[in-house]
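Summary of structural features
This is what each chain is made of:
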Amino acid sequence: MNPMINCPKCSSEVLVETPALGNIPLDVCPACSGIWFEKGELEALLRQSQGGGQADLGLIDPKPEGHDCPACKAKMSRGGLVNPLLLVDKCQVCEGVWLDARELALVKKLLGLSGGESGVNVARPAAVPAAPEPRDPKLILIKIVAAGCAIAGLVGVSYQMYLYFSPAEAVSRAPSIGRAVLSVLLFAGGVLALNWGKEDRWR
Ligand SMILES: [Zn+2]
Ligand SMILES: [Zn+2]
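Residues numbered from 1 in each chain as written. Chains lettered and ligands numbered in written order. Predicted model: local features only at pLDDT ≥ 70, side-chain atom pairs only at ≥ 80, totals over all residues. Heavy atoms only, no water.

Considerations on the packing of aromatic side chains
Using the following cut-off: What counts as a ring pair is set by centres within 6.5 Å for rings of Phe, Tyr and Trp (its six-membered ring), and what kind of pair is set by the plane angle: stacked under 30 degrees, edge-to-face over 60, tilted for all other angles. Accessibility here uses a 1.4 Å probe with only protein chains present; expressed as a share of the type maximum, an area under 20% marks a residue as buried, one over 50% as exposed, and anything in between as partly exposed.
Under the criterion given, the structure shown has two aromatic pairs. On the basis of an interplanar angle of 90° and a centroid distance of 5.0 Å, the ring pair of Tyr164 and Phe165 is categorised as edge-to-face. Judged by relative accessible area, which is 57%, Tyr164 ranks as exposed.

Take a look at the structure:
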């Protein structure tokens, strides 16, 4: 299978290979559920469903107005598949066939087939999970220092308050406004630094 075939209709979607239908790996668009059959795959699928019969999958009255072939980028022809009313896109270069989501059911109906899957749905492959953010040792150090500052600031403020509210003769030092302010700043700075980077998750 060709890796990374883009959906001919939803150009940004990459077809997902799935073995869901008759053990033939199919490339299915996760957005529109269209199916890309490489040369021979649709025939094989129909033969399989049909139990050995031959399906002639040449296009009836093909017109050059299909999507671009997802495999070789040539303009596909739009024409009747099996029935002139069942219009599908077929690449005349690589002979791949593009079926819209509902067209597979129609193909089988027209061939008198029953059973099996009438459609294929695939999920987009899970985006490669982002590696857990490596713990930046520098950041951890900053957090530790920040926590230390916050605690030191808190202790400083408490100490200054203790000095301030205690009777002057009970303590050996006078409270200092300067030190109190410094402690408050230390505490505030520490808390800010601790929370630094958290707003990242809101982006
Ligand atoms: Zn699509
Ligand atoms: Zn092609």
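Notes on the environment of Val93
Rules: Secondary structure follows DSSP: runs of H or I at least 4 residues long count as helices, runs of E at least 2 residues long count as strands, and numbering of each begins at the N terminus. In this analysis, two residues are considered to be in contact whenever any of their non-hydrogen atoms come within 4.5 Å of each other.
Within the fold, Val93 resides in the loop between strand E6 (83-90) and strand E7 (97-99). Judged by relative accessible area, Val93 falls into the exposed class, the value being 60%. When the C-alpha atoms of Val93 and Cys72 are compared, they prove to be 7.7 Å apart, with 21 residues separating the residues in sequence. Among residues more than four places away in sequence, those in contact with Val93 are Cys72 and Ala74.

Comments concerning a nonpolar patch on the surface
Put simply, the test is: A patch is a set of surface residues, each over 30% in relative accessible area and not in a salt bridge, joined within 9 Å for like charges and within 5 Å for the nonpolar side chains Val, Leu, Ile, Met, Phe, Trp and Tyr. Note that accessible areas follow from Shrake-Rupley with a 1.4 Å probe, and for residues the cover is restricted to the protein chains shown. Whenever a carboxyl oxygen of Asp or Glu lies within 4 Å of a side-chain nitrogen of Lys or Arg, that contact is scored as a salt bridge.
A cluster of nonpolar side chains, namely Leu139, Ile142 and Trp196, defines an oily patch on the protein surface of about 300 Å² accessible area. Tracing the sequence through the fold places Ile142 in helix H3 (residues 137-165).

Looking at helix H4 (residues 177-195)
Our working definition: Helices are assigned an expected span. That span is 1.5 Å times one less than the residue count. Polar contact is the term for a pair of N or O atoms within 3.5 Å; when the atoms are in protein, one must be able to donate a hydrogen and the other to accept it, and sequence-neighboring residues count only if both atoms are side-chain atoms.
With 19 residues, H4 ought to run about 27 Å at 1.5 Å a step, and its terminal C-alpha atoms sit 27 Å apart, in line with that. The residue sitting at the N-terminus of H4 and contributing the capping side-chain oxygen is Ser176; that oxygen lies 3.3 Å from the backbone nitrogen of Gly178.

Looking at the coordination of the zinc ion (ligand 1)
Heads up, the rule is: Water is absent from the atoms considered, so a metal site may look incomplete; donors are defined as N, O and S atoms within 2.8 Å of the metal, or 3.2 Å for Na, K and Ca. Any coordination sphere not matching a tetrahedral pattern (four donors, all angles between 85 and 135 degrees) or a square planar or octahedral pattern (four or six donors, opposite donors over 155 degrees apart, other angles between 65 and 115) is reported as irregular.
Every protein donor of the zinc ion (ligand 1) is listed here as Cys7 (SG), Cys10 (SG), Cys29 (SG) and Cys32 (SG), and their distances to the metal cover 2.2 to 2.3 Å. Around the zinc ion (ligand 1), the four donor atoms sit at angles spanning 105 to 115°, and that spread fits a shape best called tetrahedral. Each donor residue of the zinc ion (ligand 1) lies on one chain, and together they are spaced C-x2-C-x18-C-x2-C. A residue pair is termed long-range when its members are at least 10 positions apart, and Cys7 in the segment before strand E1 (16-21) and Cys32 in the loop between strand E2 (24-28) and strand E3 (35-37) qualify at 25 residues.

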